[in-house]
Amino acid sequence: MSDKPRVLVARKTFPDIVERLRAHFEVETNEGEESWPQEELIRRLQGKQGVYVAGTEKIDAPLLKACPELKAVCTMAVGYNNIDVPACTLRGVLVSNAPDVLTETTADFGFALMMAAARRLAESEHCLRSGEWKQWSVTMFAGSDIHGATLGILGMGRIGQAIARRGRLGFGMNVLYHNRSRLAPEQEAPLAARWVEKDELLRQADHLVIVVPYSPSSHHMVGARELSLMKPSATLTNIARGGVVDDAALAEALAANRIAAAGLDVFEGEPAVHPGLLAVRNVVLTPHIASASIPTRRAMSNLAVDNLIAALTGGTPPTALNPEVLSARRH
Ligand code: 8YV
């Protein structure tokens, strides 16, 4: 066996990107389309120094304990709620994520989902395909407008701001947002964006788009109480994480037309979807594909690989989440 470091590519990705790893490491890959069960992941990580993961692998304290040789965990996702970063730091394991490269693609998709919900795209297509469309009528699938409407953004990070740009500059929307911290005035000005309290955002938004990272503090940030504050004509779009929205409460609100429609790309306990959401027509459901354009998925994979190579060859990983681990290693 060679004395190159050993890495595991836990999710199938583009072969030429895996080749970049082979130039430096002994590489084992997951050639299937599915993620491995936890015990198998742990078994395959034995003797490996690095791992390439997506948002689907759980890197927690028990896994780290069972894989003492692990030195780097590099995810191709921007969200990293599947990785216990403090536990990694304690064990000297470098963690990186993949910010920036997916911002515009994800914002495009969030906007598309919001428009699809507002203009009842999926619902009307299902009607047509199922042969239920018998004749045209004035109010048939009449929805709400995007242009000139109030866009409410919950979570004004990079993706939130990219959605705000689309709304303001492309569609003349009035942009409100809620975030723990306010943007600088020079960031707000070109978007004419205004910070408001969360409840105010819920009351005023015609179209609410949720883009906050998942953490215990954002768990069920939008539940029955929050939904009850929204306009009956409003739409809700979630491209953040399952768990930020209480899916059961949302399904009830949609069934009772307490809000008009929703667009969801993420779900609590995905790939399972709450049966109440599957049962209602006024929701557009997509399987966690907001960042899924070929160039962006390639950029995300390449960035994870850049991080993995740097972390295990004495370089500086470009998007490390706990770079202090490397400085500690060097001393
Ligand atoms: C990923 C995402 O495709 O980057 C993220 O945080 O949610 C998506 O872009 C997904 O997590 C990969 O598993």
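Residues numbered from 1 in each chain as written. Predicted model: local features only at pLDDT ≥ 70, side-chain atom pairs only at ≥ 80, totals over all residues. Heavy atoms only, no water.

Undergrad: I tried to follow the overall build of the chain on my own but got confused; where do I start?
TA: The number of helices and strands found in the chain is 14 helices and twelve strands. In summary, the chain has a C-alpha radius of gyration of 22 Å against a globular reference of 20 Å for 331 residues, a match within 12%. Dimensions of the chain along its principal axes, counting C-alpha atoms only, are 70 × 50 × 35 Å. Buried residues in the chain amount to 50% of all 331 residues. Within the chain, contacts between residues at least 6 apart in sequence are counted, and of these 61% link residues at least 24 apart. (Helix = DSSP H or I, 4+ residues; strand = E, 2+ residues; numbered from the N terminus. Rg over C-alpha atoms; globule rule 2.2 N^0.38 Å. Buried < 20%, exposed > 50% of the residue type's maximum accessible area, 1.4 Å probe, protein only. Contact = heavy atoms within 4.5 Å.)

Undergrad: Teacher, can you tell me more about the site of the ligand here?
TA: Taken together, the neighbourhood of the ligand is formed by A54, G55, A77, V78, G79, L102, R241, H288, S291, R297 and M300. Contact distances for the ligand include 2.7 Å between an oxygen atom and a side-chain N or O atom of H288. Interatomic distance of 3.0 Å between a side-chain N/O atom of R297 and an oxygen atom of the ligand. For the ligand, whose accessible area on its own is 330 Å², the fraction buried by protein is 86%. Each residue belonging to the shell around the ligand can be placed in one class, and the counts come to five nonpolar, four polar and two charged. (Near = heavy atom within 4 Å. Polar contact = N/O pair within 3.5 Å; in protein donor to acceptor, adjacent residues only side chain to side chain. Areas by Shrake-Rupley, 256 points an atom, 1.4 Å probe, with all protein chains shown as cover. Nonpolar A, V, L, I, M, F, W, Y, C, P; charged D, E, K, R; others polar.)

Undergrad: So what exactly am I meant to see when it comes to the confidence of the model for the chain here?
TA: Interpretation of this model should avoid reading the predicted coordinates in detail wherever pLDDT is low. Scored by pLDDT, the chain comes out at a mean of 97, with 99% of its residues at no less than 70. Model confidence for the chain, summarised as mean pLDDT per element, is weakest for helix 14 (residues 324–330) at 86 and strongest for strand 10 (residues 235–238) at 99. (pLDDT = per-residue confidence, 0-100.)

Undergrad: Honestly, the sheet that holds strand 4 (residues 72–75) in this entry has me stumped. Any pointers?
TA: Across the sheet, five strands lie side by side as 2-1-3-4-5; this open sheet has parallel pairing. Every other strand in the sheet has two partners, leaving strand 2 (26–29) and strand 5 (94–96) as the edge strands with one partner each. Within the sheet, the average angular offset between the axes of one strand and its neighbour, ignoring direction, is 15°. Pairing geometry for strand 3 (residues 50–53) and strand 4, over four bridges, is parallel. (Pairing = 2+ DSSP bridges. Axes fitted to C-alpha atoms, helices over the stretch in contact; angles between N-to-C directions.)

Undergrad: Quick question: what am I supposed to make of the packing of aromatic side chains here?
TA: Aromatic rings in a pair are described by how distant their centres are and how their planes are angled relative to each other. Under the criterion given, the structure shown has one aromatic pair. A ring pair is formed by F111 and F171, whose centres lie 4.9 Å apart and whose planes are at 35°; its orientation type is tilted. Placement of the pair is F111 in helix 5 (residues 103–118) and F171 in helix 7 (residues 158–171), with a sequence separation of 60 residues. F111 sits in the buried class, given a relative accessible area of 5%. Between R298 and the ring centre of F14, over which it is positioned, the NZ or CZ distance is 5.2 Å. (Phe/Tyr/Trp six-rings, centres within 6.5 Å; stacked < 30°, edge-to-face > 60°. Lys NZ or Arg CZ within 6 Å of the ring centre and 35° of its normal.)

Undergrad: Help me understand the side chain of T29, please; the structure alone is not making it clear to me.
TA: Positionally, T29 belongs in strand 2. Its relative accessible area of 19% is what places T29 among the buried residues. At 2.6 Å, the side chain of T29 forms a polar contact with the side chain of E31. The residues contacting T29, other than those within four sequence positions of it, are V9, V18, R22 and W36.

Undergrad: Looking at this structure, how should I read helix 13 (residues 294–312)?
TA: For an α-helix, the turn length of 3.6 residues means that residues three or four places apart are oriented alike. Here helix 13 spans 27 Å end to end across 19 residues, near enough to the 27 Å set by a 1.5 Å rise per residue. Among all positions of helix 13, only T296, M300, S301, L303, A304, V305, N307, L308, I309, A310, A311 and L312 are buried. Directly after helix 13, the chain includes G314, whose backbone phi takes a positive value near 80°. (Expected span 1.5 Å × (residues − 1).)

Undergrad: I keep staring at the domain arrangement of the chain and nothing clicks. Help me out?
TA: The accessible area lost on association of the parts is a frequent measure of interface size. According to the domain assignment, the chain contains domain 1 (6–100 + 294–330) and domain 2 (103–285). For domain 1 and domain 2, the distance between their C-alpha centroids amounts to 32 Å. Opposite the six residues of domain 1 that make contact, domain 2 presents five residues. In this assembly, domain 1 packs against domain 2 so that about 540 Å² is buried in total across both faces, 41% of it on carbon and sulfur atoms. Looking only at domain 1, the three residues that lose the most surface to domain 2 are N81, D100 and T296, adding up to 73% of its buried area. For the pair domain 1 and domain 2, the number of links is one salt bridge. Between R158 and D100 there is a salt bridge whose closest N-O contact spans 3.7 Å. (Domains from an automatic or database assignment. Buried area = accessible area lost by both parts, 1.4 Å probe. Salt bridge = Lys/Arg side-chain N within 4 Å of Asp/Glu carboxyl O.)

Undergrad: Is there a simple way to explain a nonpolar patch on the surface in this structure?
TA: Among the surface-exposed residues, L128, W133, W136 and V138 lie close enough to one another that they form a single nonpolar patch of about 520 Å² accessible area. In this structure, W136 sits in the loop between helix 6 (121–129) and strand 6 (150–154). Judged by its relative accessible area of 60%, W136 falls in the exposed class. (Patch = residues over 30% accessible without salt bridge, like charges linked within 9 Å, V, L, I, M, F, W, Y side chains within 5 Å.)

Undergrad: Whenever I open this one, the packing of helix 1 (residues 15–22) against helix 13 confuses me. Can you help?
TA: Packed helices, taken two at a time, are described by their axes: the angle between them and the distance between them. Running from N to C, helix 1 and helix 13 point in directions that differ by 5°, and their axes come no closer than 10 Å. Judged by the angle between their axes, helix 1 and helix 13 are roughly parallel. Each of D16, I17, R20 and L21 in helix 1 lies in contact with helix 13, whose residues at this interface are R298, S301, N302, V305, D306, L308 and I309. Grouping the constituent residues of the contact of helix 1 with helix 13 by class yields five nonpolar, two polar and four charged. (Parallel < 35°, antiparallel > 145°, perpendicular 65-115°, else oblique.)

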